[in-house]
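What follows is each chain in one-letter form.
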Amino acid sequence: MERPDSRQSIGAKILMNALNKLSAADAAARIAAGTLKSEALVQACLERIRERESDVRAWAFVDPEAALSQARARDREPRRTRLHGIPLGVKDVLDTADLPTEYGSPIYRGNRTTCDAACVAQVRELGGVILGKTVTTEFATRFPGKTRNPHNLKHTPGGSSQGSAAAVADWMVPLAFGTQTTSSVIRPAAYCGVVGYKPSFGLVNRAGLKVLSDSFDHVGTLTRTVSDAALLVEELSGAPVTSFESVPGLKPRIGFCRTPYWSQADQPTQEALEQAVPRLARAGARMSEISLDGEFARLVEVQNAISSHEMFRALAYERTRFPDLISETLMGRLLGGGRVTRVQYEDAQAIAQRCRARLADIFRDYDALLSPSAMGEAPEGLDSTGDPVFGASWTVLHCPAVSVPAFRGPQGLPIGAQITGPLGKDGQTLLCAEWVHRALVS
């Protein structure tokens, strides 16, 4: 016969495990009301990591005692902000003073930085809890890390913010930092079935990020809800708080944008997006098709030229001192970047500038644009992180982009819908993303 204290212990464990499934906003509200302790929330996340990390492999480093110590300190202090007591994962291309920062490369094995990246320091200042470092691909490029897709361990979680996306998707942490130079927030969010938010360029400070491309590096977020994505970036940037209470009354002007790369999306993705258009119209959106032609069709080429030129220089130390510790995949990209001339680089920058100006004019008639987040479901196999083609253009254009989990593919894996908005109009874009998500999943 089971002892009463045993039943109580089992019940406590079930309750603890349920806490890791709270959204950051819900957890913040409970902490504010005094009905939840940060320590209990962090302990629940750590328990989930213990249960699943050997399968998912989302984390580069976790120090449970350090995380719990932070949480206990938050519980003793007055609440500072909405982030107070909320655990967060940090992609391992962002510096952390108290945890190793290895950038996904054997060159930096055991590396300890002397200070936090600006966004990490802000999280601490705002009362957040750094749970650990999430896996990145090699220097946030395309050579895979160890992480697996939590929906099917035989499939890639995407790149390069793969650890952050997988950890959030598998209920290990409610918030995580990602970074994007091509499609490294949007694609893993789509593959793992979470929300990926690439803010307007420069909205989140990049100091302490291992820089690849000054022109394109963004700090973004992986979360399970659009409101959580807004919460984190608003607290970091000082942007106005987005009121999601207005979402039911919205009648957004949405342009269905197949993009010049539509033919590269698989048939299930094309059908899902095409069928979404009348559904969104019935829900109240003013829908129309928009074509991005002309120089927009060159933006993937532009992104590659600019980022490769900049990456060749940004990784000069690693490239010249430790060539044997760089993957063939990355070394090929670096050497290619060395062949991009200054004239080619400046021509590509000029195209990018012209397309940004043209997009600003297009957005006079639209609140947001709808396009694919990725070519399809997460591909099977762990040797590739998938193709970033559907994120690259929006990265070049610097506008806010949000991937929301909206569909399922033929293998039962998530397919994302990408919502982009005008540069600097992040709140509006997030509201449209939440509206689209509700309309498509309800």
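The structure this text deals with has already been given above.
Residues numbered from 1 in each chain as written. Predicted model: local features only at pLDDT ≥ 70, side-chain atom pairs only at ≥ 80, totals over all residues. Heavy atoms only, no water.

Draft legend 1. Region of interest: the sheet that holds strand E6 (residues 218-223). Strand order across the open sheet formed by 11 strands is E1-E3-E2-E4-E6-E5-E10-E11-E9-E7-E8, with mixed pairing between neighbours. Each edge of the open sheet carries a strand with a single partner, namely strand E1 (59-62) and strand E8 (286-289). The sheet shows a mean angle of 30° between the axes of neighbouring strands, direction not considered. Sheet analysis places strand E10 (residues 401-408) next to strand E11 (residues 414-420), joined by 7 bridges and oriented antiparallel. Bridge pairing in E11 places Phe407 opposite Ile415. Packing against the sheet, helix H4 (residues 64-76) makes contact with E1 and strand E3 (129-134), and its axis sits at approximately 155° to E3. (Pairing = 2+ DSSP bridges. Helix = DSSP H or I, 4+ residues; strand = E, 2+ residues; numbered from the N terminus. Axes fitted to C-alpha atoms, helices over the stretch in contact; angles between N-to-C directions. Contact = heavy atoms within 4.5 Å.)

Draft legend 2. Representation of the pattern of salt bridges in the model. Evaluation of the coordinates by the stated rule reveals 23 salt bridges. The salt bridge partner of Arg48 is Asp170, with a shortest N-O separation of 3.2 Å. A residue pair is termed long-range when its members are at least 10 positions apart, and Arg48 in helix H3 (residues 38-56) and Asp170 in the loop between helix H6 (162-169) and strand E4 (175-180) qualify at 122 residues. In this structure, Arg48 and Asp170 share a single accessibility class: buried. Put simply, Glu289 and Arg258 hold a salt bridge, and the shortest N to O gap is 3.1 Å. In this pair, Glu289 is assigned in strand E8 and Arg258 in the loop between strand E7 (253-256) and helix H9 (267-283), connecting sequence segments 31 residues apart. Given a relative accessible area of 52%, Glu289 falls into the exposed group. Residue classification places Arg258 among the partly exposed residues on the basis of a relative accessible area of 24%. Residues participating in the shared-partner salt-bridge network are Arg48, Glu51, Arg52, Asp55 and Asp170. (Salt bridge = Lys/Arg side-chain N within 4 Å of Asp/Glu carboxyl O. Buried < 20%, exposed > 50% of the residue type's maximum accessible area, 1.4 Å probe, protein only.)

Draft legend 3. Geometry of the pairing of E4. Burial analysis of E4 places 6 of its 6 residues in the buried class, which makes it a mostly covered element. A two-sided burial pattern is seen for E4, the buried positions comprising Leu175, Phe177 and Thr179 on one face and Ala176, Gly178 and Gln180 on the other. Across 2 bridges, the pairing between strand E2 (residues 87-91) and E4 is parallel. Within the sheet, the bridge partner assigned to Gly89 lies in E4 and is Ala176. The pairing of E4 with E6 spans 6 bridges and is classified as antiparallel. Bridged to Gln180 within E6 is His218.

Draft legend 4. Expanded view of unusual backbone geometry. The residue after Gly159, namely Ser160, is reached through a cis peptide bond having omega -5°. Tracing the chain through its elements places Ser160 in the loop between E3 and H6. Phi is positive for Tyr103, close to 55°, though the residue is something other than glycine. By secondary structure assignment, the location of Tyr103 is in the loop between E2 and helix H5 (118-125). In the Ramachandran plot, Trp171 falls in the positive-phi region, its phi being about 70° despite a non-glycine side chain.

Draft legend 5. Seen up close, helix H12 (residues 328-338). Taken together, the buried positions of H12 are Leu330, Met331, Arg333, Leu334 and Gly337. Axial view of H12: buried residues confined to an arc of 160°, hence all on one face. Lining the buried residues of H12 we find helix H10 (299-314) and helix H11 (316-321). (Arc of directions from axis to C-beta.)

Draft legend 6. Representation of helix H2 (residues 24-33) within the structure. Among all positions of H2, only Ala24, Ala27, Ala28 and Ile31 are buried. Relative to the axis of H2, the buried residues are bounded by an arc of 100° and lie together on one face. Buried residues along H2 sit in contact with H3, E4 and helix H8 (226-237). Looking one or two residues beyond H2, the residue adopting positive phi is Gly34, at roughly 80°.

Draft legend 7. View of the environment of Gly163. Counting through the fold element by element, Gly163 comes out in helix H6. Accessibility expressed as a relative area gives 0% for Gly163, which makes it buried. Each C-alpha atom, one on Gly163 and one on Phe177, is 9.8 Å from the other, the two residues being 14 residues apart in sequence. Apart from the residues within four sequence positions on either side, Gly163 is in contact with Ala58, Thr134, Val135 and Thr147.

Draft legend 8. A look at the side chain of Asp367. Positionally, Asp367 belongs in the loop between helix H13 (342-362) and strand E9 (368-372). With residues up to four places along the chain from it excluded, the contact list for Asp367 reads Pro252, Arg253, Thr420, Gly421, Pro422, Gln428 and Cys432.

Draft legend 9. The nonpolar core, seen in detail. With 76 residues, the main nonpolar core has Leu94, Phe177 and Phe407 as its most contacted residues. Apart from residues no more than four positions distant in its own chain, Leu94 is found in contact with Thr101, Ala117, Cys119, Val120, Lys133, Phe177, Gly208, Leu209 and Val219. Core analysis: the next-biggest nonpolar cluster, separate from the first, contains 28 residues, Leu299, Ala305, Ile351 and Val396 among them. (Core = buried A, V, L, I, M, F, W, Y, C linked by side-chain atoms within 4.5 Å.)

By themselves, these are just geometric observations and shouldn't be taken as functional.
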